[in-house]
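# Working through the structure, step by step
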Amino acid sequence: MPPVLQRLQQATKLMSRRKILLLVLGCSSVSLLIHQGAQLSWYPKLFPLSCPPLRDSPPRPKHLTVAFLKTHKTAGTTVQNILFRFAERHNLTVALPHPSCEHQFCYPRNFSAHFVHPATRPPHVLASHLRFDRAELARLMPPGTVYVTILREPAAMFESLFSYYNQYCPAFRRVPNASLEAFLRAPEAYYRAGEHFAMFAHNTLAYDLGGDNERSPRDDAAYLAGLIRQVEEVFSLVMIAEYFDESLVLLRRLLAWDLDDVLYAKLNARAASSRLAAIPAALARAARAWNALDAGLYDHFNATFWRRVARAGRACVEREARELREARQRLLRRCFGDEPVLRPAAQIRTKQLQPWQPSRKVDIMGYDLPGGGGGAGPATEACLKLAMPEVQYSNYLLRKQKRRGGARARPEPVLDHPPPRPLRALPRGPQGP
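The following paragraphs examine the structure supplied in this document. None of the values given here were measured: they were computed from a predicted structure.

Moving on: helix H13 (residues 378-386). Regarding H13, the residues found buried are Cys383, Leu384, Lys385 and Leu386. In the core, the buried residues of H13 are packed alongside helix H2 (76-89), helix H12 (314-336) and helix H14 (390-405).

Put into structure tokens, the structure is as follows:
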């Protein structure tokens, strides 16, 4: 044992059982660990700063209870798929929406625990779209649940929202020639506060986080500060979509997961023909000004994200993100061929992998298994789940958990006030394997 560690070990014998141990590692980062006897305490708000992990400390078990607030158009479907696959591998229960809510928890209504299918309660994992309600989620999720979410740069996010929901959001439908530029030139001419699905046209991030999307930080800076505090109180990690791999490194460290647990295939991606190649600077400024509350949230948590990376050791995080990308590419090649490419839905022969299309004006891409998915076995099954869209995977998990529940399954309750049909009149099929 090196002399430094010997001296630290001798010093700890003179202290109480509960200690804070600081060890400087090769990556010039500091690891903060709180010991209670032989076991590490679990603190959801504590980020493990070691890189690489401390070899002389007891391994921390994987954390199994996670609530992911799936925000709109932020790569949330890819994170959801990671969580769904982790839950399956570890035989965990995933909270899924009641059929009246289809594949979202009755969004855009405030979340209620009553929106969760009874066969999926009590859950370990939650990852479907909802509007955040802290008290209701606390009723549903077990103590010690780690809450995480993801944000995206507001101008890029708004372009995606405008394209994806153009046929659903009345404010977008009013715009001549479906022109994003025309909308941002005079958004008040098209937007109606309180209108059905209006939240997709104004400060969607703030709305998803349970905030008032009609508030403006220009008029009320204290409101933005208060919303930021509320998010910080609940969420142990706010990921950033533009730095997706780095975000997954922080996520897997927070949860003590393995690198394999966060491998992914990009899901719900639009074809190049369905999006702007680059958002002009003037348009980006207009989008951020119109969505000023979202811009304030993003700017704050983007800065917080990089401070967290710095504490972990930026070189270490970047190295692990690179390892993640390399392992991901190897996995995609094994599953989808030597040159895995995203394909239009019409070219995907495997029914379970055909992504839902929001309209004829937007093409959502996906992967296909070689030979149209005719093979069988664990490897094929794993590859199928890796690229399975939200609709099919949610249906599959619900059927699986119903079967697992057996005698515990109860008749599906009838909601006192059934919600209106959700935004996406999602197809019932394909039903998955």
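Of the two faces of strand S4 (residues 66-69), the one holding Val66 and Phe68 and the one holding Ala67 and Leu69 are both buried throughout. Bridge analysis of S4 against strand S6 (residues 125-126) gives two bridges, and the strand direction is parallel. Its bridge partner lying in S6, Ala67 is registered against Leu126. Two strands pair when backbone bridges link them, and S4 and strand S7 (residues 146-151) are joined in this way by four bridges, in the parallel orientation. Bridged to Val66 within S7 is Val146.

Cis peptide bonds are those with omega within 30 degrees of zero, and the linkage from Tyr107 to Pro108 qualifies with 15 degrees. Relative to the assigned elements, Pro108 resides in the loop between strand S5 (94-95) and S6. Positive phi, normally seen in glycine, also occurs at Ala75, with a value near 75 degrees. Turning to its location among the elements, Ala75 is positioned in the loop between S4 and H2. Residue Ala75 is classed as partly exposed on the basis of its relative accessible area, which comes to 32%. A positive phi angle, near 65 degrees, is found at Asn268, a position not held by glycine. The exposure class assigned to Asn268 is partly exposed, which follows from its relative accessible area of 24%.

Moving on to the state of the cysteines. This model, assessed by the stated rule, comprises two disulfides. Two residues share a disulfide in this structure: Cys101 and Cys106, whose sulfurs sit 1.8 Å from each other. In this structure, the disulfide formed by Cys101 and Cys106 twists by about -65 degrees around the S-S bond and is classed as left-handed. The buried category is assigned to Cys106, whose relative accessible area is 4%. Each disulfide pairs two cysteine sulfurs, and for Cys335 the partner residue is Cys383, the sulfurs being separated by 2.0 Å. With the S-S bond torsion at -75 degrees, the cross-link from Cys335 to Cys383 turns out left-handed. Taken together, the residues Cys335 in helix H12 and Cys383 in helix H13 connect sequence positions 48 residues apart. Across this residue pair, the class does not change: Cys335 and Cys383 are buried. Here the cysteine-cysteine linkages of the protein are recorded as 1-2, 3-4, numbering only bonded cysteines and doing so in sequence order.

Calculation notes
- Residues numbered from 1 in each chain as written.
- Predicted model: local features only at pLDDT ≥ 70, side-chain atom pairs only at ≥ 80, totals over all residues.
- Heavy atoms only, no water.
- Buried < 20%, exposed > 50% of the residue type's maximum accessible area, 1.4 Å probe, protein only.
- Helix = DSSP H or I, 4+ residues; strand = E, 2+ residues; numbered from the N terminus.
- Contact = heavy atoms within 4.5 Å.
- Pairing = 2+ DSSP bridges.
- Disulfide = S-S within 2.5 Å.

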